[in-house]
Amino acid sequence: MQNTGKLAGKTIFITGGSRGIGKAIALKAAKDKANIIIAAKTADPHPKLEGTIFSAAKEIEAAGGQCLPVQVDVREEGQVQEAVDKAVKQFGGLDILVNNASAIFLAGTQETPMKRYDLMNQINARGTYLTSKICIPHLLKSKNPHILNLSPPLNLNPVWFKGNLAYTMAKYGMSMCVLGMSAEFRDEGLAVNALWPRTAVWTAAMEMMTGDESSKKCRKPEICADAFYAIVTQDSRKFTGNFCIDDKVLADAGITDFEQYAVEPGQELMPDFFLDAADGMGGIIREQSDKAFAAKARAENAASKGKPQSHSAVGGGENHAAIFDAIGQHIKAKPDPKLKGTYVFQVGGLIL
């Protein structure tokens, strides 16, 4: 999708934007010469994930935007308030908020340490609510204000709750903010929408969790960035309360070539979580991941009682092959006629 200059001079606050989809969104807006606040935790280089708030700021400015990098933990109200105050002081206000920061840990109820439950709900649900709450008074002064949460449709199929209830609760907390805030602020002209990728998106975090081989079955983060652009350049009074899927948004905007977003054009794609596939495929994914990761999660739960663990630890992948083999057998028997692809589940305990 070509930039049209509609975000020129707009001020955009992005949480968790030092890498991945958040950074891709920032770079898209930078091409319009927008003002961008990168509010994320990573100020020093991560041993396994490239990118910091400062390296992202350099890329944003090289792309044509202005950038204010601020180290922020969205769980801390004081830090969020300070970051918003700095943004308003430097750029004069806010026009768009992108709630992108997120944490993930996939395990059953008995295998999820409360530390992980708290982490996900504090970052995903509470962090989104908190950042929105602090930004809204400034957004309401904008001519076309938008909040965009990177969260899924509220799909109540039990398959997406079974086996990873804590993560689903936390992620759906972000989506419930869309449902509630879009209704609450509709009459004041503030748009609140959600955006979710239909397929796996290739990022540094994805590479660390799944390895290099999965890249060819993913799309690039730019598909989400283009979908972001299509959403936030619409009239905020007319487009609000929507749970958008990236390629559907772009198709509605007239995009027909989706191969441009593929890491390797022509390859099969891996669908993302929370979107129902044909013939109960979601159930197959859940059942296999439940079996493979229950032992590992129990071990971490036991270890967490003895000593603190890093919030950014990512689990090992010793059981990946068995899971994908089982899924592959099902796919061969009943391929998805719509996507012509294989399937993916996300694993780990990563703060994105």
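This text goes with the structure placed above it.
Quick caveat: nothing in here was measured; it's all calculated off a predicted structure.

(A) Examining unusual backbone geometry more closely. Not every positive phi belongs to a glycine, and Lys33 is a case in point at roughly 65 degrees. If you trace the backbone, Lys33 turns up in the loop between helix H1 (20-30) and strand E2 (35-40). In this structure Lys33 comes out as exposed when scored by relative accessible area, which is 56%. With a phi close to 75 degrees, Phe274 is a non-glycine residue in the positive phi region. Mapped onto the elements of the fold, Phe274 is located in the loop between helix H8 (246-252) and helix H9 (281-304).

(B) Focus on the packing of helix H3 (residues 77-91) against helix H4 (residues 114-139). Two numbers describe how H3 lies on H4: the axes approach to 10 Å, and their chain directions differ by 30 degrees. The orientation of H3 relative to H4 falls into the category roughly parallel. The way H3 lies across H4 gives a crossing that is right-handed. Contact with H3, carried on its side by Glu77, Val80, Gln81, Val84 and Val88, involves Leu130, Thr131, Ile134, Cys135 and His138 of H4 and no other residues of that element.

(C) Expanded view of the pairing of strand E1 (residues 11-15). A large share of E1 lies buried, amounting to 5 of its 5 residues. A two-sided burial pattern is seen for E1, the buried positions comprising Thr11, Phe13 and Thr15 on one face and Ile12 and Ile14 on the other. Bridging between E1 and E2 involves 5 bridges; their strand directions are parallel. Pairing of Thr15 across the sheet is with Ala39, part of E2. As a crossover connection, the stretch from E1 through H1 into E2 is right-handed.

(D) Layout of the packing of H1 against helix H7 (residues 222-232). At a minimum axis separation of 8 Å, H1 and H7 run at an interaxial angle of 50 degrees. In this view, H1 runs oblique relative to H7, as classed from their interaxial angle. Here the hand of the crossing between H1 and H7 comes out right-handed. Where H1 abuts H7, its residues Ile21, Ala24, Ile25, Lys28 and Ala29 lie against Glu222, Cys224, Ala225, Asp226, Phe228 and Tyr229.

(E) Fine view of the side chain of His146. Mapped onto the fold, His146 is located in strand E5 (residues 146-150). With relative accessibility at 1%, the residue His146 sits in the buried group. Within the structure, the side chain of His146 is placed 3.4 Å from the backbone oxygen of Val232, a separation counted as a polar contact.

(F) Examining H3 more closely. Along its 15 residues, H3 runs 21 Å from first to last C-alpha, staying within 8% of the 21 Å computed at 1.5 Å per residue. Every buried residue of H3 is accounted for by Val80, Ala83, Val84, Ala87, Val88 and Phe91. Buried residues along H3 cover an arc of 130 degrees about the axis, so they all sit on one side. Facing away from the buried surface of H3 by more than 90 degrees, the exposed residues are Gly78 and Lys89. Where the residues of H3 are buried, they touch E1, E2, strand E3 (66-71) and H4. Of the residues one or two after H3, Gly92 is the one with positive phi, at around 90 degrees.

Thresholds applied
Residues numbered from 1 in each chain as written. Predicted model: local features only at pLDDT ≥ 70, side-chain atom pairs only at ≥ 80, totals over all residues. Heavy atoms only, no water. Helix = DSSP H or I, 4+ residues; strand = E, 2+ residues; numbered from the N terminus. Buried < 20%, exposed > 50% of the residue type's maximum accessible area, 1.4 Å probe, protein only. Axes fitted to C-alpha atoms, helices over the stretch in contact; angles between N-to-C directions. Parallel < 35°, antiparallel > 145°, perpendicular 65-115°, else oblique. Left-handed = near helix turned anticlockwise from the far one by under 90°. Contact = heavy atoms within 4.5 Å. Pairing = 2+ DSSP bridges. Right-handed = clockwise from strand over helix to strand, strands pointing away. Polar contact = N/O pair within 3.5 Å; in protein donor to acceptor, adjacent residues only side chain to side chain. Expected span 1.5 Å × (residues − 1). Arc of directions from axis to C-beta.

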